[in-house]
Amino acid sequence: MKYKRILLKLSGEALMGKSKTNSLDPEVLEQYSMEIKAVHELGVELAIVIGGGNIFRGGQAEALGIDRVQGDYMGMLATVINAMALQSALERHGMYTRLMAGIKMEQVCEPFIRRRAIRHLEKGRIVIFGAGIGNPYFTTDSTASLRAIEIQADVVLKGTRVDGVYTKDPEKFPDATRYAKLSFQEAYEKNLNIMDMTAFTLCMENKLPIIVFDMNKSGNLKRITQGDEAGTLIS
Ligand code: UDP
């Protein structure tokens, strides 16, 4: 096994699947659960951060006449809804999980306590981090980087709908080519937008590698965890 403890970042938007109206697609939850289960069965310790973009993003607030900070908290609460849905899906497949949140919500999840999170992982529980860091002006990518550093994860696996980082947007330019590997410096100089700057520099300064990969391709998550080359490795 290449990685023993991983932090998986999933976007909220991906949970919508093909649906244009519903924020959660049961097929996506099912598929993600199976991908995660395959990795968990390898004995890998797994922590997950999930976004909230399918429900609410702080950036949308202003257009709605909502204060930005208020909007960010709404976004954080959106991640808790997704985290609860994912938790339920994972448990249905027999995995033990704990949901820890950056905002206190005693009835639905535990508060984030670093030592406790590590203990859960050591016991083979999948830990889902909800409500982001608990502070406005951050993103779930920053949450993923920060929590990964705190729990001493070996890598951040950023699941997206494209299979890595490209020279330009592959959905717009057919001649775009994928990078197999990049250094943090290169990614920064080329302005490749792998994560927002806060999230990116946290990883860079703490020498925490990031792998951007296609979460929708079956078996990909397991292959990457085992050390197979897929997606783009930034280190
Ligand atoms: N957010 C925040 N602080 C955090 C994490 C998230 O304020 O620590 C808010 C922010 O407004 C963000 C929203 O929660 O827009 C949803 O998260 P994000 O946009 O990162 O989700 P994704 O795009 O990955 O679905």
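About the thresholds
Residue indices follow the written sequence of each chain, beginning from 1 at its first position. At least 70 in pLDDT is required for a residue's local features to be given in this predicted model, at least 80 for side-chain atom pairs to be given and counted, and no such filter applies to totals for whole chains, interfaces and linings, which use all residues. In computing side-chain properties, one takes all heavy atoms of the structure into account and sets aside hydrogens as well as water. Strands here are runs of E lasting at least two residues and helices are runs of H or I lasting at least four, both read from the DSSP assignment and numbered beginning at the N terminus. Partly exposed describes any residue whose relative accessible area lies between the buried limit of under 20% and the exposed limit of over 50%, with all areas from a 1.4 Å probe on protein chains only and scaled to the type maximum. In this description, contact between two residues means that some pair of their heavy atoms is separated by no more than 4.5 Å. For this purpose, a residue is taken to be near a molecule or strand whenever a single non-hydrogen atom of the residue falls within 4 Å of it. Polar contact is the term for a pair of N or O atoms within 3.5 Å; when the atoms are in protein, one must be able to donate a hydrogen and the other to accept it, and sequence-neighboring residues count only if both atoms are side-chain atoms. Exposure was quantified through the Shrake-Rupley algorithm and a 1.4 Å probe, taking into account, for residues, occlusion by the shown protein chains and nothing else. When residues are grouped by polarity, Ala, Val, Leu, Ile, Met, Phe, Trp, Tyr, Cys and Pro land in nonpolar, Asp, Glu, Lys and Arg in charged, and all others, Gly among them, in polar. For salt bridges, the criterion is a side-chain nitrogen of Lys or Arg within 4 Å of an Asp or Glu carboxyl oxygen.

1. What about the environment of serine 33?
Okay, so step 1: When you line up the elements, serine 33 lands in helix H1 (residues 26-40).
Okay, so step 2: Taking the relative accessible area as the measure of exposure, serine 33 reaches 0% and is therefore buried.
Okay, so step 3: Here the alpha-carbon distance between serine 33 and glycine 94, two residues 61 residues apart in the chain, equals 10 Å.
Okay, so step 4: When sequence neighbours within four positions are dropped, the list of residues in contact with serine 33 reads Ala89, Leu90, His93 and Met95.

2. Some remarks on the site of the ligand
Okay, so step 1: Around the ligand, a shell composed of 23 residues is seen, among which Gly53, Asp72, Ile133, Asn135 and Thr140 lie nearest.
Okay, so step 2: With respect to the ligand, the backbone of glycine 52 contributes an N or O atom lying 3.1 Å from an oxygen atom.
Okay, so step 3: Note that an oxygen atom of the ligand is positioned 2.5 Å from one of the side-chain N or O atoms of aspartate 72.
Okay, so step 4: About the coverage of the ligand: the protein hides 92% of its 530 Å² of free accessible area.
Okay, so step 5: Going through the elements one at a time, helix H2 (68-92) and helix H4 (140-150) are the ones with two or more residues in the shell around the ligand.
Okay, so step 6: Looking at the shell around the ligand residue by residue, the class counts come to six nonpolar, 13 polar and four charged.

3. Some details on the pattern of salt bridges
Okay, so step 1: For the coordinates displayed, the defined rule picks out 15 salt bridges.
Okay, so step 2: As a salt-bridge pair, aspartate 72 and arginine 68 come within 3.2 Å of each other at their nearest N and O atoms. Residue aspartate 72 and its partner arginine 68 are both found in helix H2; the two are separated by four residues, about one turn of the helix.
Okay, so step 3: Ionic pairing is found between aspartate 175 and lysine 168, a salt bridge with its closest N-O pair at 3.2 Å.
Okay, so step 4: Note on lysine 168: relative accessible area 36%, which makes it partly exposed.

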